[in-house]
Amino acid sequence: MDSSSYDTSAATAFILPPGTHTVALGIGDLNGIMRGKRIPATHWGTICKGGNAVSIAMLAMDMTCDVWDTPYVNFNNGFPDMHLFPLTAPVPVPWEPGVAFCLGRAEGMDHKPVPIDPRAALVKQIERATAMGLTIMCGTELEFYLLNPETMQPVEKGIQVYSLARAAQNEYVLGPIRQMIDEMGIPIEQSNPEYAAGQAEVNIRYGEALESADRVIMFRNLVKELVQTKGLLATFMAKPFIDQSGNGFHTHYSVWKDGKNLFADHGKLSRTGLTFLAGLQKRMAEITLAGSTTPNAMRRRRSYTFCPTAANWGYDNRTVGLRVLEGTDSAVRIEKRDAAADCNPYYLLACDIAAGLDGIEQGLEPTAPCLGDGYAPGAEGVGKLPTDLTSAVTLAESSDFMKQVLGEERHTILVQQAKREIEFVAAQVTRVEIERYMRNF
């Protein structure tokens with residue numbers, strides 16, 4: 001599913017697979033949740049040529065579909081329409097015969113890009129890299145829980161991370177995830193049981209950054225669809241259980257030119273890699289909101305949880321924020337480990353890549369590497385990362401860098417949503433409060 005290799009003006013680029021009766025066409029919303037419509041195959045040619053009308057509110061509502069007044073779309077302008085056009089070639093859905101699946105693109109009624117489309121923020125950074133003669137490559141790792149949809153509890157008990165016996169036990173669902181989603185054009189490298197009962201990790205093979213972000217949007221949606229056929233619920237929620245491992249979204253970056261990995265110098269991290277790393281390190285705290293957008297997502301950010309709490313870096317060190325991996329020239333890369341699995345990949349990658357490119361352009365220098373415990377006092381590198389959403393919002397609001405990367409309107413909506421989420425959570429009386437205080441006071 002190469003998201004950049006199709007002629008979006010030609011319906012012939014999106015010919016349906018034989019036997020298709022329905023096309024599922026969608027895009028990633030404010031939170032990277034895939035939303036769209038199911039279209040009869042008989043109407044597909046019309047959609048390819050003229051688009052499918054949907055409300056722009058799709059790009060300005062929260063994960064519960066609640067809407068509010070935003071600068072671009074609001075109650076005063078009546079939440080007008082935009083059009084969805086296919087972006088990738090439709091592919092058959094293996095578990096739903098006759099249905100094809102397709103990523104779309106958003107276009108305003110004026111035939112111009114939609115200013116609040118999250119994907120456009122990443123497109124801008126890819127265009128910047130291209131103008132520099134660079135290709136940004138990114139691999140993604142996503143964690144999620146498999147739950148009983150009635151009890152909302154994990155489908156298994158006990159922690160058996162990497163256990164092949166546990167993997168075999170879960171093969172009835174993870175096998176189809178690897179095989180069927182791979183068949184749909186999202187290259188799956190591997191899966192494994194993660195560090196909690198019912199938790200799994202799936203790695204998507206690296207590719208060009210925009211395509212990688214597109215794959216995350218599609219992957220999360222397809223996983224949720226597929227596991228429903230097994231009677232399960234999949235959740236990418238960052239911290240569904242306070243006493244269990246959180247769901248992370250690790251990104252692996254490298255920069256290429258003329259078929260060569262510029263991060264590699266005889267298998268070691270090159271000078272270019274160090275400058276990209278320094279750019280990430282400089283901006284890591286202030287762009288926290290791009291990777292952790294809810295109070296729940298910030299619950300992952302605790303010491304000794306393998307989620308970083310500082311903008312430090314090290315070689316093959318899972319306690320730091322930025323982990324450098326060396327080896328063959330093609331494998332040298334930088335892993336950024338702080339984001340939550342439920343964030344918008346377009347915003348995450350756009351902010352990370354912009355920071356890294358700044359580092360290259362400005363010749364920035366990183367701090368000394370952390371050679372031990374990245375959580376220990378004195379191992380903070382360039383400073384602590386936010387561990388609560390209010391702090392992350394404060395940094396984001398004052399960040400001219402983040403405003404420039406996301407665009408003023410997208411930045412405003414993301415901050416508005418975060419403030420709303422803070423208020424929603426703060427307005428609740430928690431079970432802990434009831435258990436501790438109701439009988440005792």
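Residues numbered from 1 in each chain as written. Predicted model: local features only at pLDDT ≥ 70, side-chain atom pairs only at ≥ 80, totals over all residues. Heavy atoms only, no water.

(A) The pattern of salt bridges, seen in detail. In this structure the tally under the stated criterion is 22 salt bridges. Of the charged contacts in the structure, one is a salt bridge between Asp29 and Arg35, with a shortest N-O distance of 2.7 Å. Here Asp29 falls in the buried class, since its relative accessible area comes to 0%. Arg35 sits in the buried class, given a relative accessible area of 18%. Here Arg128 ties to Asp358 by a salt bridge, and the two come within 2.5 Å at their closest N and O atoms. Residue Arg128 is located in helix 2 (residues 118–131), and its partner Asp358 is located in helix 9 (residues 345–362); the two are separated by 230 residues in the primary sequence. (Salt bridge = Lys/Arg side-chain N within 4 Å of Asp/Glu carboxyl O. Buried < 20%, exposed > 50% of the residue type's maximum accessible area, 1.4 Å probe, protein only. Helix = DSSP H or I, 4+ residues; strand = E, 2+ residues; numbered from the N terminus.)

(B) The environment of Pro154, seen in detail. Along the chain, the position of Pro154 falls in the loop between strand 7 (135–147) and helix 3 (164–169). Residues Pro154 and Gln199, 45 residues apart in the sequence, show an inter-C-alpha distance of 7.8 Å. Discounting residues that sit within four places of it in the chain, Pro154 has contacts with Tyr145, Leu146, Leu147, Ala197, Gly198 and Phe241. (Contact = heavy atoms within 4.5 Å.)

(C) Geometry of helix 4 (residues 171–183). Taking 1.5 Å per residue, 13 residues should reach 18 Å; helix 4 reaches 17 Å between its end C-alpha atoms and fits that length. Those residues of helix 4 that fall on the buried side of the exposure criterion are Val173, Leu174, Gly175, Pro176, Ile177 and Ile181. On its buried side, helix 4 packs onto strand 7, strand 8 (188–193), strand 9 (199–208) and helix 5 (209–228). Gly185 occupies a position one or two residues after helix 4 and carries a positive phi of about 105 degrees. (Expected span 1.5 Å × (residues − 1).)

(D) Summary view of the pairing of strand 8. As judged from the 5 bridges shared by strand 8 and strand 9, these two strands associate in the antiparallel manner. Note on strand 9: the bridge partner recorded for Ile188 is Ile204. From the end of strand 8 to the start of strand 9, which pair antiparallel, there are 5 residues, and Gly198 there has a positive phi angle of about 80 degrees. (Pairing = 2+ DSSP bridges.)

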